Amino acid sequence: MKKIKSIVLKFFILIILIHTHTIYAAKGGNSFIIGSIDNCSQIICNNKESKIVHTAIEIFSNDVYSICGIKPEILTKGNSTYQIKIGTLGVDKDFDKACVKDGINVGKLNGKWEAYNIKVISGSRQQTLLVVGSNPRGTAYGVMELSRLIGVSPWCWWADVKSEKKETVTLPENLIIEDAPKVKFRGIFLNDEDWGLKPWAAKTFEPETGDIGPKTYEKIFELLLRLKANAIWPAMHPCTRAFFTYLDNIKMADKYGVWVGSSHCEPMLRNNVDEWYRWNPSEGKRGEWNYDENPEQVTEYWSQRVKTTANYDGIYTVGMRGIHDGSMPGGKDINDKVEILDRVLDTQRNLLNEITGKEVTSIPQIFCPYKEVLQLYKAGAEIPDDVTIMWADDNNGYIRQLSNEEERKRAGGAGVYYHISYWGRPHDFLWLESIPVSLIWEEMNKAYQTNARNIWIVNVGDIKPNEIGMNFFLDMAWDPDQFTPENLNSYYETFAKEQFGEPYSKEIGSILQQYFQLGFSRKPEHMGWTTVYPDTKIADPEFSLYTNGDEVQKRIDAYDEIENKVKELLKNIPENKKDAFYQLVAYKVIGASNMNKKLLYAYKSREYAKQSRQSSNLYASLSEKAFDKIKKETIYYNDSLADGKWKHMMSYNPRELPVFDMPITGTYNAVENNFGGIMPEGYSSDFMQTLNYTLPVFNSFTNRKYFVDIFNSGTSSLKWEVKTLDKWVNVSKIAGQTNVDERVWISVDWDKVSSNDTISSKVQFILNGQEYPVTIKAIKPEWNFSNKNVFVEDNCIVCIEAEHYTNQKKTEHGEWNVIQSLGRESDAMGTFPVTAVPFETNDLSKSPSLSYNFYSLSKGNAYLKFYCIPNQPINDDYQLRFTVSIDESDPVIVNATLQTEMDEHNPEWQKNVLRSVIIPEIITQISKKGEHTLEIKMIDPGVVLDKITIDFGGLSPSYFGANETIISN
């Protein structure tokens, strides 16, 4: 009986699954069955195919098994109804002919770099799924695309993303895919591995090696294959032995089709930190790492590595720097260094030619003008035309320079080395990922459009927890055109859907979007307002406790919101998804939230102690609780997550910098008697004990509310009440008692205020019989608006989020576009196309513009601040200029470029990248009160404008600047 019930149950499950897949393949009729109990496909592949093809096939076969429990056979000839035929053009003539017969455009595919076609061929007796590659990597990527199509995430091992189990695995019978990468070499740099990848590999995953060895690299290379990436710069810190120490490492790279390169400071695939001082020259004592003084030994050192790698796929970094991230030794001045560098390049290229026997122009080579090397390049170093110029960012996500018109013509093209993890000035960010996809897109789109299409490498640190940024970067490297500035937020939902499924994707996508926007405005590791080299002590944040609605509490509340959502999801998400959700979402959100709480609550406790607030001790306790939470979650990550699989992977305090410690908190010893006070918005400890408090002016068009804090300074509960004198005044609570603080919000009932009125009143706060009067003032201007997105002066400030323009003018020569989530609080406006020639400043008639209508209550001097992301000009032919005019006055040029050239010691650059903004200012005259139009016109592409403030003298110190004064609906 049980057997019959089981058969019936399986039958109904099968019917449901078939129905589901029929819907999925409705346009094409029947489905192609990859794996099922009754009818499993066979995989047909020629034995002559390259290693990477067989590797991909084995992975795919195992993926099918992981979903349905059936593993397709891998054969050279098949006889089943469903056959998956996989091959590379040029390997098997019969296969090539069959491809032509089945409608594959072989001519179009042949010769393309890593391209593939996937097509289902339906016959009366047999169905065939063809996977055809232009070269072995293309074939392998086609096979890996099948894995994603059947529901296997690339992060199935690295983030424990479990596939949904099915009895039948199918694809639509009308499936046709043609694809190829837009960037030639696409990969990652494993870096700063000291606190994650290395200890995890050495102690947990590969103890037999005690290092990042072939077993670890095999898992890394599988991830790259699944993500259709083809290049790596291996880990190279002193804690890790050089990649070529273990010969099986390069064999693993060959198995997975990975091109092995090396970083900007590791010429000729040599890891100098580990290898130079271990290396013994054939003759004499080893000299210094100095080509100018020791050319014979340095040349021998390089030649040995080329002999090892000659028969493997390698991308050779050419040029020379110091042993590890320092400037090249030798030479009295920059001209001497340029001459030495030219000789180095000649020697290296001769070695490549002589040892490999290949034409040197056919061997992939990069020259990376990173840090001080950029100065050598600008000073005239002659880089051979076939060598790829690999531009670098400033380590904080902003590319320093891209190719000009002449450089775009180079045979070797250009590439980019980009950071989503970094150790160095002004401060590390090694713990949590915080570079949003919007910034990666904005910068890498500039790179792609300026012909940097030969190699993209992203510094991912330990891989974990930079999974999302790594995923996006490599997706973009494959096809930059799939993304636009208007669809970037959807990426988070798309990523969540692939990992966790449809039911959770929207909510998780929203959480991730908020997480990255908060992290972009200030990275968790930068919340201590500290720097490295020198390492400084934790300082007070720039977030204001007293203005703009309390920036400190708003940030805590924003993190609270997403942390609570994550905790709820952790309870409700299916058990088989929890480990992946914890790694990809929960740990990041909880960690960032509690890092902010730790530091911001500590700051509140210090400030409130100055004000004799009993709550100082509460906030000190909350700070300690947040610190404990970070440690507790990290212990769970290492010891319990996925049954201890990731033990030693996560460190919450890499390099043990001050920001990771428990900060100093305030303490207050309460007095015995009942005692307290109030602190209205706009006041701080400098204004204690005044009886002449006045709140900011209420404006009917912004319809704001302002707070008054009631605080207790005594040991007993503090009773309080609030009395209003006029019915147009609203308070959120009229009475209560508190042991610590109570925040009361005051607002205006505008229906009870006449138009064009300016009125005043008082609100009495009574604490244990002591009265504290607060004066309030409200204005209701009689203005009429015909446009949407109109702004008004509020407390001597007009504040505009750039994406809320009143009108926009596009031209055939350029446009301003919204870039989603690239502002510190919302979206931003960018200038396009990035290849546009700068507009002539004396004729802006063809320049695209944005206009903003606003109304002022003031006239006279006005200070205009323009909040822009701190990116850098595309190259020396550009700046970051735009013009501004009010009421058709003569346009004034604003420049968002650094005042002095960027280097890591530049204090202006340091401040900008830590707070993710540069704020150029101008002073202008506004001659009248009333209606105005502010117009901004493009000069240079590359400008990204986030926010504008017009200050008549009301701007208070804060981090984000004023709140937007858009007319409230």
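Residues numbered from 1 in each chain as written. Predicted model: local features only at pLDDT ≥ 70, side-chain atom pairs only at ≥ 80, totals over all residues. Heavy atoms only, no water.

Focus on the overall build of the chain
Keep this limit in mind: Segments assigned H or I by DSSP are reported as helices when at least four residues long, segments assigned E as strands when at least two residues long, and all are numbered from the N terminus. Only the C-alpha atoms count toward the radius of gyration. The rule for a globule is 2.2 Å times the residue count to the power 0.38. Note on definitions: a residue-residue contact is assigned when non-hydrogen atoms from the two residues lie within 4.5 Å. Per-residue accessibility takes into account occlusion by the displayed protein chains alone, with areas from the Shrake-Rupley method and a 1.4 Å probe. Two residue types count as positive, namely Lys and Arg, and two as negative, namely Asp and Glu; His and chain ends fall outside the count. One atom stands in for each charge, and that atom is NZ of Lys, CZ of Arg, CG of Asp or CD of Glu.
From N to C terminus, the chain includes 20 helices and 38 strands. Relative to its length of 969 residues, the chain is compact, with a C-alpha radius of gyration of 31 Å against a globular reference of 30 Å. The principal-axis extents of the C-alpha atoms in the chain amount to approximately 95 × 90 × 60 Å. Intrachain contacts of the chain at a sequence separation of at least 6 include 75% that bridge at least 24 residues. Approximately 37600 Å² of the chain is accessible, and the part contributed by carbon and sulfur atoms is 48%. Charge centroids of the chain, computed over 107 positive and 128 negative side chains, lie 5 Å from each other.

Description of the environment of R186
Operational definition: Accessible area is worked out with a 1.4 Å probe on protein chains only. A residue is then buried under 20% of its type maximum, exposed over 50%, and partly exposed in between. Here a polar contact is taken to be a pair of N or O atoms separated by no more than 3.5 Å, where protein atoms must pair a possible hydrogen donor with a possible acceptor and residues adjacent in sequence count only if both atoms sit in side chains.
Residue position: R186 is located in strand β9 (residues 185-190). Exposure remark for R186: the relative accessible area of 1% places this residue in the buried category. Setting aside chain neighbours within four positions, we find R186 in contact with W113, E114, Y141, P181, K228, A229, N230, A231, W456, L474, A477 and W478. Polar contacts involving the side chain of R186 include one to the main-chain carbonyl oxygen of K228, which spans 2.8 Å.

Brief notes about the layout of surface pockets
The test is simple: Cavities and pockets were defined on a 1 Å grid built from protein atoms only: a cavity is a group of points that admits a 1.4 Å probe but offers it no way out, a pocket is an open group of points flanked by protein on both sides within 12 Å along at least five of seven lines, and a lining residue is one with an atom within 4 Å of any such point. Grid points are joined across faces, edges and corners, and a volume is the space filled by probe spheres set on the points. Asp, Glu, Lys and Arg are counted as charged, while Ala, Val, Leu, Ile, Met, Phe, Trp, Tyr, Cys and Pro are counted as nonpolar; the rest, among them Gly, fall into the polar class.
Volume-wise, the largest pocket comes out at about 1200 Å³. If you list the elements that add at least two residues to the lining of the largest pocket, you get α1 (2-24), α5 (136-149), α14 (467-478), α15 (490-500) and α16 (502-521). In terms of residue count, the dominant contributor to the lining of the largest pocket is α15 (8 residues). Taken together, the residues of the lining of the largest pocket break down into 16 nonpolar, 13 polar and 13 charged. Forming the boundary of the second largest pocket are 36 residues, of which Y546, T547, N548, G549 and E681 lie nearest the centre. For the lining of the second largest pocket, the secondary-structure elements that each account for two or more residues are α17 (551-572) and β24 (741-748). Among the elements that take part in the lining of the second largest pocket, α17 stands out by supplying 3 residues, more than any other. Along the lines of polarity and charge, the residues of the lining of the second largest pocket split into 13 nonpolar, 15 polar and 8 charged.

A word on the sheet that holds strand β4 (residues 82-88)
As a reminder of what qualifies: Pairing between strands is defined by DSSP: at least two bridges between the two strands are required. Every axis corresponds to a line fitted to the C-alpha atoms, with the helix fit spanning only the stretch in contact, and the corresponding angles, defined between N-to-C directions, vary from 0 to 180 degrees.
The strand order β3-β2-β4-β6-β5-β8 describes an open sheet built from 6 strands, whose pairing is mixed. Because the sheet does not close on itself, it has two edges, and the strands there are β3 (73-75) and β8 (176-179). On average, each strand axis in the sheet is inclined to that of its neighbour by 20 degrees, with strand direction left out of account. As defined by bridge partners, strand β5 (residues 116-122) adjoins strand β6 (residues 127-133) across 7 bridges and the pair is classed as antiparallel. Bridged to K119 within β6 is L130. The strands touched by α5 are β4, β5, β6 and β8; relative to β6, the strand with the most contacts, the crossing angle is about 135 degrees.

Some remarks on the pattern of salt bridges
Where side chains of opposite charge bring their charged atoms close, a pairing between them can arise. Here is the rule we go by: In what follows, salt bridge is the name for a side-chain nitrogen of Lys or Arg lying within 4 Å of a carboxyl oxygen of Asp or Glu.
Inspection of the entire model under this criterion finds 62 salt bridges. For D248, the salt bridge is made with K251, and the minimal N-O distance between the two is 3.9 Å. Of the two residues, D248 and K251 both sit in helix α8 (residues 247-255), 3 residues apart, roughly one turn of that helix. Taking the shortest distance from any N to any O, the salt bridge between D876 and K378 comes out at 3.6 Å. On the criterion of sequence distance, the pair formed by D876 in the loop between β33 (860-868) and β34 (881-886) and K378 in helix α12 (residues 373-378) is long-range, its members being 498 residues apart. A residue is classified by how much of its surface remains accessible, and D876, at 58% relative accessible area, is exposed. Where salt bridges share partners, they join R321, D325, K371, E372, R425 and E904 into one cluster.

Re the environment of P848
Within the element layout of this structure, P848 appears in the loop between β31 (828-832) and β32 (849-856). You can call P848 buried: its relative accessible area is 0%. Considering only alpha carbons, one finds P848 and F832, 16 residues apart in sequence, at a separation of 9.4 Å. In this structure, P848 is in contact with K809, K810, T811, G814, E815, W816, F839, I936, K937 and M938, ignoring residues within four places of it in sequence.

Observations concerning the pairing of strand β25 (residues 757-767)
Alignment of strand β21 (residues 718-724) against β25, held across 5 bridges, turns out to be antiparallel. Pairing of T724 across the sheet is with V763, part of β25. Judged from the 11 bridges that link them, β25 and strand β26 (residues 770-780) form a sheet pairing that is antiparallel. Directly across from I759, in β26, lies its bridge partner A778. Counting the residues between successive antiparallel strands, the hairpin from β25 to β26 contains 2 residues, one of them, N768, with a positive phi of roughly 50 degrees.

Considering the confidence of the model for the chain
As a reminder, the rule being used: Confidence scores here are pLDDT values: one per residue, from the predictor, ranging 0 to 100.
Residues at a pLDDT of 70 or more form 96% of the chain, whose mean pLDDT is 94. In this model, residues 1-29 is a region of pLDDT below 50 whose contacts with residues beyond four sequence positions or in other chains number 18 contacts.

What to know about the packing of aromatic side chains
Cut-off, in case you're wondering: Working definition: rings of Phe, Tyr and Trp (its six-membered ring) pair if their centres are within 6.5 Å, and the pair is stacked with planes under 30 degrees apart, edge-to-face with planes over 60 apart, and tilted otherwise.
For the coordinates displayed, the defined rule picks out 64 aromatic pairs. Their ring planes at 70 degrees and their centres at 5.2 Å tell us that W276 and W289 sit as a pair that is edge-to-face. Remark: W289 occurs in the loop between α9 (272-275) and α10 (295-309) and W276 occurs in the loop between α9 and α10; sequence separation between them is 13 residues. Per residue, the accessibility class of W276 equals that of W289, and both read buried. Pairing F543 with F960 gives two aromatic rings, centres 5.7 Å apart and planes at 40 degrees, and the pair type is tilted.

Considerations on the pairing of strand β14 (residues 388-392)
The buried fraction of β14 amounts to 5 of the 5 residues, a majority that puts the element mostly inside the structure. Here β14 shows no split at all, with T388, M390 and A392 on one side and I389 and W391 on the other all buried. Summarising the sheet, strand β13 (residues 365-367) and β14 pair through 2 bridges and their orientation is parallel. Looking across to β14, one finds that I366 is bridged to T388. Bridge count for β14 against strand β15 (residues 414-419) is 4 bridges, and the pairing is parallel. Within β15, the position partnered with M390 by the bridge is G415.

A few points about empty space enclosed by the protein
All chains considered together, the criterion is met by 8 cavities of 30 Å³ or more. By residue class, the composition of the lining of the largest cavity is 7 nonpolar, 3 polar and 3 charged. Quantified by volume, the second largest cavity comes out at close to 70 Å³. Taken together, D192, W195, G196, L430, W431, D462, K464, P465, M649, M650, S651 and P654 make up the full set of residues lining the second largest cavity.

Considering the nonpolar core
To be explicit about the condition: We define the nonpolar core as a collection of buried residues of types Ala, Val, Leu, Ile, Met, Phe, Trp, Tyr and Cys that are connected through side-chain atoms lying within 4.5 Å of one another.
By size, the foremost hydrophobic cluster in this structure holds 217 residues, and its most contacted members are W158, I188, I220, F221 and Y418. Grouped together as the second largest cluster of nonpolar side chains are 34 residues, M829, L880, A896 and I936 included.

Considering α10
Where we set the bar: How far a helix is expected to stretch is found by multiplying one less than its residue total by 1.5 Å.
The terminal C-alpha atoms of α10, which comprises 15 residues, lie 21 Å apart, in line with the 21 Å expected from a rise of 1.5 Å per residue. Those residues of α10 that fall on the buried side of the exposure criterion are Q297, V298, E300, Y301, W302, S303, R305, V306 and T309. On the buried face of α10, the contacting elements are α9, β12 (316-317) and α11 (334-356).

Points about unusual backbone geometry
In the segment running from R425 into P426, the intervening peptide bond is cis, with an omega of -5 degrees. Note that P426 resides in the loop between β15 and α13 (437-449). Even without being glycine, D887 reaches a positive phi, approximately 55 degrees. With respect to the element layout, D887 can be found in the loop between β34 and β35 (892-895).

Describing the side chain of N395
Note that N395 resides in the loop between β14 and β15. Residue classification places N395 among the buried positions, given a relative accessible area of 4%. Here the side chain of N395 touches Y370 through a polar contact of 2.6 Å, side chain to side chain. Within the structure, N395 has its side chain in polar contact with the side chain of H419 (distance 3.4 Å). For N395, the residues in contact, after removing those within four places along its chain, are Y370, K371, H419, Y422 and F429.

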